[in-house]
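Listed below are the residues making up each chain.
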Amino acid sequence: MSIKPLIILPDPILRTVSKPVERVDAPLQKLADDMLATMYDAPGIGLAAIQVGEPLRMLVIDLAKEDETPAPLVFINPQVLGSSDERSVYEEGCLSIPDYYAEVERPATVRVSYLDRDGKTQEIEADGLLATCLQHEIDHLDGVLFIDHISKLKRDMVVKKFKKLARDRQPARMVG
Ligand code: GNR
Ligand code: NI
């Protein structure tokens, strides 16, 4: 298993609409395992393939606490079949937007179909943090970030900050 570099805002790769997985084979399972290793290393509770630069509709989640047995979940080609009218608010963060957190309101419950790591069709009804995390990750598959769900004023501020950070990471240019 290998830890892969994370794609960080404002990299336009994050706005890619990822493509459906055509076959669940050994290379795809290796990518899933690398995504889990990358997520645990960060650490985070979810990761979409595009966050490691792979434009495929696959995401991983593990909601187990650090002192608990790991409980890795792999979702391939997930589809939201339905969502509740009830909403819930969570403070969200994103490994592609380090150290920024904001409250996001989303459906409290979602029903999702997907293929698991073995390519088997599955369906789950998720609530609580799993529902929020699944929706956050499925957004990534469509090039959507959690900051797209906050006010434009806050979003513009965070994008500006990350653009400056990216600029400051570049080697100095000669002036004058
Ligand atoms: O690690 C993560 N924590 C988190 C907290 C609240 C709502 C969503 C998340 S997902 C995030 C990891 C990530 O960026 N996944 O795309
Ligand atoms: Ni994220």
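Numbers given for residues are sequential positions, taken from 1 along each chain in its written order. For naming, the first written chain is A and the first written ligand is 1, with later ones following in the order written. Confidence filtering applies because this is a predicted model: local features only for residues at pLDDT of at least 70, side-chain atom pairs given and counted only at 80 or more, and all residues used for totals across whole chains, interfaces and linings. As a convention, hydrogens and water are excluded, and side-chain values are obtained from all of the structure's heavy atoms.

**Points about the site of ligand 1**
Step number 1: Each residue is tested against the molecule or strand, and it is near if at least one of its non-hydrogen atoms lies within 4 Å. If you check the shell around ligand 1, you find Gly 44, Ile 45, Gly 46, Gln 51, Glu 91, Glu 92, Gly 93, Cys 94, Leu 95, His 136, Glu 137 and His 140 and nothing else.
Step number 2: Within the side chain of His 136, an N or O atom sits 3.1 Å from an oxygen atom of ligand 1.
Step number 3: We call two N or O atoms a polar contact when they sit within 3.5 Å, provided that within protein one can donate a hydrogen and the other can accept it, with sequence-adjacent residues counted only if both atoms are side-chain atoms. Contact distances for ligand 1 include 2.9 Å between an oxygen atom and a side-chain N or O atom of His 140.
Step number 4: Only the protein chains shown count as cover for residues, and the accessible areas themselves come from Shrake-Rupley with a 1.4 Å probe. In isolation ligand 1 exposes 380 Å². Once the protein is present, 90% of that is buried.
Step number 5: Lining residues are defined by having an atom within 4 Å of a point belonging to a cavity or pocket. Those points lie on a 1 Å grid over the protein atoms alone, cavities being sets where a 1.4 Å probe fits but cannot get out and pockets being open sets with protein on both sides within 12 Å along at least five of seven lines. More than half of a molecule's atoms lying within 2 Å of a cavity's or pocket's grid points is what places that molecule inside it. With respect to the pocket detection grid, ligand 1 is positioned in the largest pocket.
Step number 6: Labels follow the DSSP assignment, with helices taken as runs of H or I lasting at least four residues and strands as runs of E lasting at least two, numbered in each case from the N terminus. Among the secondary structure elements, those contributing two or more residues to the shell around ligand 1 are strand E4 (87–94) and helix H2 (128–141).

**Here we look at the sheet that holds strand E6 (residues 109–115)**
Step number 1: Pairing in this open sheet of 5 strands is antiparallel, and the strands run E1-E2-E3-E6-E7 from one edge to the other. The open sheet has two edge strands with one neighbour each: strand E1 (46–48) and strand E7 (121–127). For this sheet, the mean angle separating the axes of adjacent strands, direction not counted, is 40°.
Step number 2: Pairing between two strands requires that DSSP report at least two bridges joining them. Sheet topology places strand E2 (residues 58–61) next to strand E3 (residues 73–83); 4 bridges connect them, and they run antiparallel. Across the sheet, the residue bridging to Val 60 is Val 74, located in E3.
Step number 3: In what follows, residue pairs with any heavy atoms lying within 4.5 Å of each other are defined as contacts. All axes are obtained by fitting lines to C-alpha atoms, using only the stretch in contact for helices, and the reported angles, taken between N-to-C directions, cover 0 to 180 degrees. Strands in contact with helix H1 (residues 26–41) are E1, E2 and E3; relative to E2, the strand with the most contacts, it is inclined by about 40°.

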